[in-house]
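Here's the letter readout for the chains.
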Amino acid sequence: MTLAKPIVLAEDNPRDAELALAAMEEEHISDKVVLCHDGAEVLDYLYCRGPFKTRLKENPAVVFLDLKMPKVNGLEVLRTIKADTNLRAIPVVMLTSSREEKDLAESYTLGANAYVVKPVEFQQFLSAVKELGVFWGVINEPPPERACSHQ
Amino acid sequence: MESATNHQAQAPSLHDDVGKLPVGSTPAITAPSQRIIRWFQTLTIEQRVLTGFSLVFVGILIISAISYHNTNGLLRNNGLDGRSHALIQLLGSIDAAMGEAEGTHRRYLVTGEQAYLEAYKRVIAQKPTFTTYLNELTQDSPEQQRRAGELNRLMERQVSVESKAITHVQERGIQSVRKMALEGAGRRELDGIHQIISEMDVYERQALNRRVIESAANTRHTIMLLAVGAGLQLVLLASVYYLIRHDITERRRVAGELQHRGELLEAANKELEAFSYSVSHDLRAPLRHIDGYAALLRKTVDQSLNEKAARYLQTISDAAKQMGQLIDDLLVFSRMGRQDMLQTTVNMDQLIKSILSDLRLDLHGRQISWTIASLPEVKGDPSMLRQVFMNLLTNALKFTSTKPMASIEIGVEPPSSDEVVVYVRDNGVGFDMQYAPKLFGVFQRLHRADEFEGTGIGLANVRRIVHRHGGRTWADGMPDKGATFYVALPRGGIQV
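Please read all numbers here as calculations on a predicted model, not as lab measurements. (Residues numbered from 1 in each chain as written. Chains lettered and ligands numbered in written order. Predicted model: local features only at pLDDT ≥ 70, side-chain atom pairs only at ≥ 80, totals over all residues. Heavy atoms only, no water.)

Residue and element names in this part refer to chain B. Taken in spatial order, the five strands make up an open sheet running E2-E4-E5-E7-E6, and their pairing is mixed. At either end of the open sheet lies a strand with only one pairing partner, and these are strand E2 (368-372) and strand E6 (472-478). Neighbouring strand axes in the sheet, compared pairwise and without regard to direction, differ in orientation by 10° on average. In this structure, strand E5 (residues 419-426) lies alongside strand E7 (residues 482-490), joined through eight bridges in antiparallel fashion. Looking at E7, one finds that Asp 426 is bridged to Ala 483. With respect to the sheet, helix H13 (residues 382-399) is in contact with E2, strand E4 (406-412), E5 and E7, its orientation differing from that of E5 by roughly 25°. (Pairing = 2+ DSSP bridges. Helix = DSSP H or I, 4+ residues; strand = E, 2+ residues; numbered from the N terminus. Axes fitted to C-alpha atoms, helices over the stretch in contact; angles between N-to-C directions. Contact = heavy atoms within 4.5 Å.)

With that settled, the discussion passes to helix H5 (residues 122-139) of chain A. Its 18 residues give H5(A) an end-to-end C-alpha distance of 24 Å, which sits within 8% of 26 Å, the value for a rise of 1.5 Å per residue. For H5(A), the full list of buried residues reads Phe122(A), Phe125(A), Leu126(A), Ala128(A), Val129(A), Lys130(A), Leu132(A), Gly133(A), Val134(A), Trp136(A) and Gly137(A). Along its buried surface, H5(A) packs onto strand E1 (7-10), helix H1 (14-26), strand E3 (62-65), strand E4 (92-96) and strand E5 (114-117) of chain A together with helix H9 (284-300) of chain B. (Expected span 1.5 Å × (residues − 1). Buried < 20%, exposed > 50% of the residue type's maximum accessible area, 1.4 Å probe, protein only.)

When the domains of chain B are assigned, the result is domain 1 (43-282), domain 2 (286-334) and domain 3 (339-490). Distance between the C-alpha centres of domain 1 of chain B and domain 3 of chain B: 85 Å. (Domains from an automatic or database assignment.)

Across the contact, 21 residues belong to chain B and 22 residues belong to chain A. Surface buried jointly by chain B and chain A totals about 2100 Å² across both partners, of which 53% is contributed by carbon and sulfur atoms. For Lys321(B), the salt bridge is made with Glu121(A), and the minimal N-O distance between the two is 3.7 Å. At the junction of chain B with chain A, the criterion picks out seven residue pairs in polar contact (both at pLDDT 80 or more). The greatest single-element share of the side of chain B that touches chain A, amounting to 11 residues, is contributed by H9(B). By residue class, the composition of the side of chain B that touches chain A is seven nonpolar, five polar and nine charged. (Buried area = accessible area lost by both parts, 1.4 Å probe. Salt bridge = Lys/Arg side-chain N within 4 Å of Asp/Glu carboxyl O. Polar contact = N/O pair within 3.5 Å; in protein donor to acceptor, adjacent residues only side chain to side chain. Nonpolar A, V, L, I, M, F, W, Y, C, P; charged D, E, K, R; others polar.)

A word on unusual backbone geometry. For Cys48(A), which is not glycine, the phi dihedral falls at a positive 55°. Its place among the elements puts Cys48(A) in the loop between helix H2 (39-46) and E3. Positive phi, close to 70°, is recorded for Asp480(B), a residue that is not glycine. Assignment of secondary structure puts Asp480(B) in the loop between E6 and E7.

Right, here's the structure in full:
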């Protein structure tokens, strides 16, 4: 599989991150995954700040966002992305444990492109993450490039 | 509210008992009053107020009737007094007139002066008027009437004797009536007349006196009655006012308390909501990790894994999955409790039809005899009610799975005015009625996990939803003889 652009995975829990990466590994797309440990790091990446200052100036193919994260939570990151004309086009997939109606409603209202509840069962989790990675990273055609162009 | 008024009503009676016991009054005397107090305590506040107002009303009626009667008596006495005075006056006039008649007639006899005869005639010309008045004024008293008759007769006689004497003197001259003229012709009658008139006068004055005393007493009684009556009305009205006021204060207090409790409950609910939210997030993650790492481990050591180790890993995965299921069910249960509820008309026939169509995969390969009655429409939340009957039907299917021929019935109880009762009956494994109270509890199971799968949340959800609709649930069953689950929903929907 060829993956043109990076996938941003925002996941504060190292075990969840490892399991997700294991899943992507099976599809051989894990090397393109950029792992962020909280919402602030995601924003740093998107705005090419801090440790990501020197990164290749291109938008990711997709951002997988956990809801509950330290510093800046998933909904706040989502709000920032969808409020920024340069980032708005990036597909954002909420990947969370919460099945709460208000989380679902708020995510979609803010402009999330998809909402996926992490299955407890590993096999299902595995296939969900694999499918998500393949769909958004490979099958889906990402929007035209505008990364960090405002800087 | 009910208990509060009872408490209030009992307080005085308790006090009464304490007050009466030392005096040593016999139960026979206090029994009726105690019965009245006891009866009064059984009344609601509305009935008590009504009783109070009725007593006031009846009191006013009685006082008005008695006052009317007394005033009428006074008026009648007043009328009689007027007659008595007129009669006394008339008697005086008659007395004087008859005396004058006797005088003038005698003078005529003696002197033969025409002027005396004229005077005499003038006097006796009044006689018929006297008679008429006399009859009129005595008609209320038979005794006076009798005397009036006697008086009339005497007057009649006096006049006739006198006129005879006058004729005599005119025909035969003064000498023939000399003796009579000196003595007076009607002397005897005149004495009788005096006698009777004074009798009548005394009688009438006595009657007048009697009536004056009677009227005074009557007036005194009326005033007293009015005073006492007004006092009683005031006391009654004050009691009714006290009752109403007490009730209002009590209601206010209860309303305040209810509001306070409502606020506390709301706060507790919010807390619970936050709790279940964090449960949904934070409990799920470690479970996913347990299952995930067990899977990764199996994959990593795939070749060298012996059968025992593989089973251990499988058990770890299964346990994690089961707990995941429990958490999910619990979250659904919690959501059912706070989710906003719709209130529409639900067509139960269609609801059941759509559930059965969803369950058709589970029905595959099963022998089931269905009995489905025509069901009424109910008021409620369609998706919640769907969950109720989905749970009941999956239960029926699950617990008849051991039977070669399952029989499931969906029916409705004979209609009642306030409830619609729908039941789901099966011929499955049933249950022992002694465990019935546990059936609808959260995570309560009457069967071992290896007999029938499930987390034990389905019926808890059923009960929670039905309660939120203002309804009831219950169940009948016998081991190995099947079970019937009833759902009763208020006919008009829940009253908010």
